[in-house]
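Residues per chain, in single letters:
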Amino acid sequence: MKDFKVIGLMSGSSLDGVDIAYVNFSHDNRKWFFQILETGNIPYTSSWKEKLSSAFDKDAAQLKELDIEYGKYLGNVTKKFIEKYELAPKLIASHGHTIFHRPEENYTLQIGNGNEIAKITGITTINDFRSEDIAKGGQGAPLVPIGDKYLFADFPICLNIGGIANVSYDIEKHRIAYDICMANQLLNYLANKLGYEYDNNGNFARQGHVDEILLSQLNENPYYTQEAPKSLGREFFEKNQRDIIDNSGLDIKDVMATATEHIAYQIASATSHLEKSKILITGGGAKNNYLIERIRTLSKHEIVIPDTMTIDYKEALIFAFLGVLKMEGKVNVLSSVTGASSDSSSGNICLP
């Protein structure tokens, strides 16, 4: 049985920081096994939050500069993590931070220069897991489903509620996955209006009342009736939701209650055609008690909330897994998920 000790790095669209997972993977020619050995979350400073959120409006030269700077940042935080726990990873797999995701225009951008990470840590680094799939006509997303398929096979449906909610399941042995709707990006935007980074446990949303007119406006976007493969980026929120919310004239807590209902409704709708089974929910949204209550009410499935480590670090774990698959020359991006012309063994290998 081969063992692989790998660090996975993940920065999500919620801008809550860098998640780091040090994982041991093993394989016995039939099944993959994993053990999360150490984890860490490095919250972004206000300066980094501003740099990453405003990068959406930067020009090409500024983005190139930020790519290098952010790569150095990731390299340094990873090096400190390795030294703190006296780790010996053979590989680093980094998602980077998404600035643009426009598969319909054939491009995507995740910054965090892999060569800088490799140079600072002295460890082979893989990044840019999406571009090859985009070049093959795919969505370049979601990437997590191959990890769902091989690492969390006990759960017929895997749902991640991060900045964006996405779902993954098998139909006739083919993995299907796609982005359902905006989630924490939307909810955090509203919490910011009250001076908070996020709505802890959904407490503010719970105090509000659902506005049926606003709910209908949020639900009627044609994206929700499109067939998969499909994916979302920050652009969807900017173009389709922000103005509707800002111009609603409602009390902010009522908007939060309505946005939460919208997310729960879309999640329940996206899984309503599947045979009743278990849904594993991970990502920050799994800690939003009110949102989970609404999903439980609207969905026919059994909702399973795992341990905190799995909730917080599943994506970092799976990007570590994508790195292992790349180094082994195995498929790590599924065309059945993305709509690409073929599967890929994707990622840019950067040597120290």
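Details of the structure are given in the entry above.
This text gives an overview of the structure that appears in the document. Note that this is a predicted model, so its numbers are computed, not measured. (Residues numbered from 1 in each chain as written. Predicted model: local features only at pLDDT ≥ 70, side-chain atom pairs only at ≥ 80, totals over all residues. Heavy atoms only, no water.)

1. Some thoughts on the overall build of the protein
When helices and strands are counted, the protein shows 14 helices and 13 strands. Its C-alpha atoms give the protein a radius of gyration of 19 Å, near enough to 20 Å, the size a compact globule of 352 residues would have. For the C-alpha atoms alone, the extent of the protein along its principal axes is close to 55 × 45 × 40 Å. In the protein, buried positions account for 57% of the 352 residues. Surface accessibility of the protein: about 15400 Å² in total, with carbon and sulfur atoms responsible for 47%. The average position of the 36 basic charges and that of the 45 acidic charges among the side chains of the protein differ by 5 Å. (Helix = DSSP H or I, 4+ residues; strand = E, 2+ residues; numbered from the N terminus. Rg over C-alpha atoms; globule rule 2.2 N^0.38 Å. Buried < 20%, exposed > 50% of the residue type's maximum accessible area, 1.4 Å probe, protein only. Areas by Shrake-Rupley, 256 points an atom, 1.4 Å probe, with all protein chains shown as cover. Lys, Arg positive; Asp, Glu negative; His and termini not counted. Charge placed at Lys NZ, Arg CZ, Asp CG, Glu CD.)

2. Some details on the state of the cysteines
Each disulfide consists of a covalent bond between the sulfur atoms of two cysteine residues. Taken as a whole and judged by the stated rule, the model has zero disulfides. Not engaged in a disulfide, the cysteine Cys-158 finds its nearest cysteine sulfur in Cys-181; these two sulfurs lie 17 Å apart. A relative accessible area of 2% means that Cys-158 is categorised as buried. (Disulfide = S-S within 2.5 Å.)

3. Structural notes on unusual backbone geometry
Residue Pro-142 follows Ala-141 across a cis peptide bond; omega there is -15 degrees. Secondary-structure assignment places Pro-142 in the loop between helix 4 (131-135) and helix 5 (145-151). If you check the backbone angles, Glu-172 has positive phi at about 50 degrees while not being a glycine. Residue placement: Glu-172 occurs in the loop between strand 9 (164-171) and strand 10 (174-182). The class for Glu-172 is exposed, based on a relative accessible area of 72%. One non-glycine residue, Asn-201, lies in the positive phi region at around 60 degrees. Tracing the chain through its elements places Asn-201 in the loop between helix 6 (184-193) and helix 7 (203-207).

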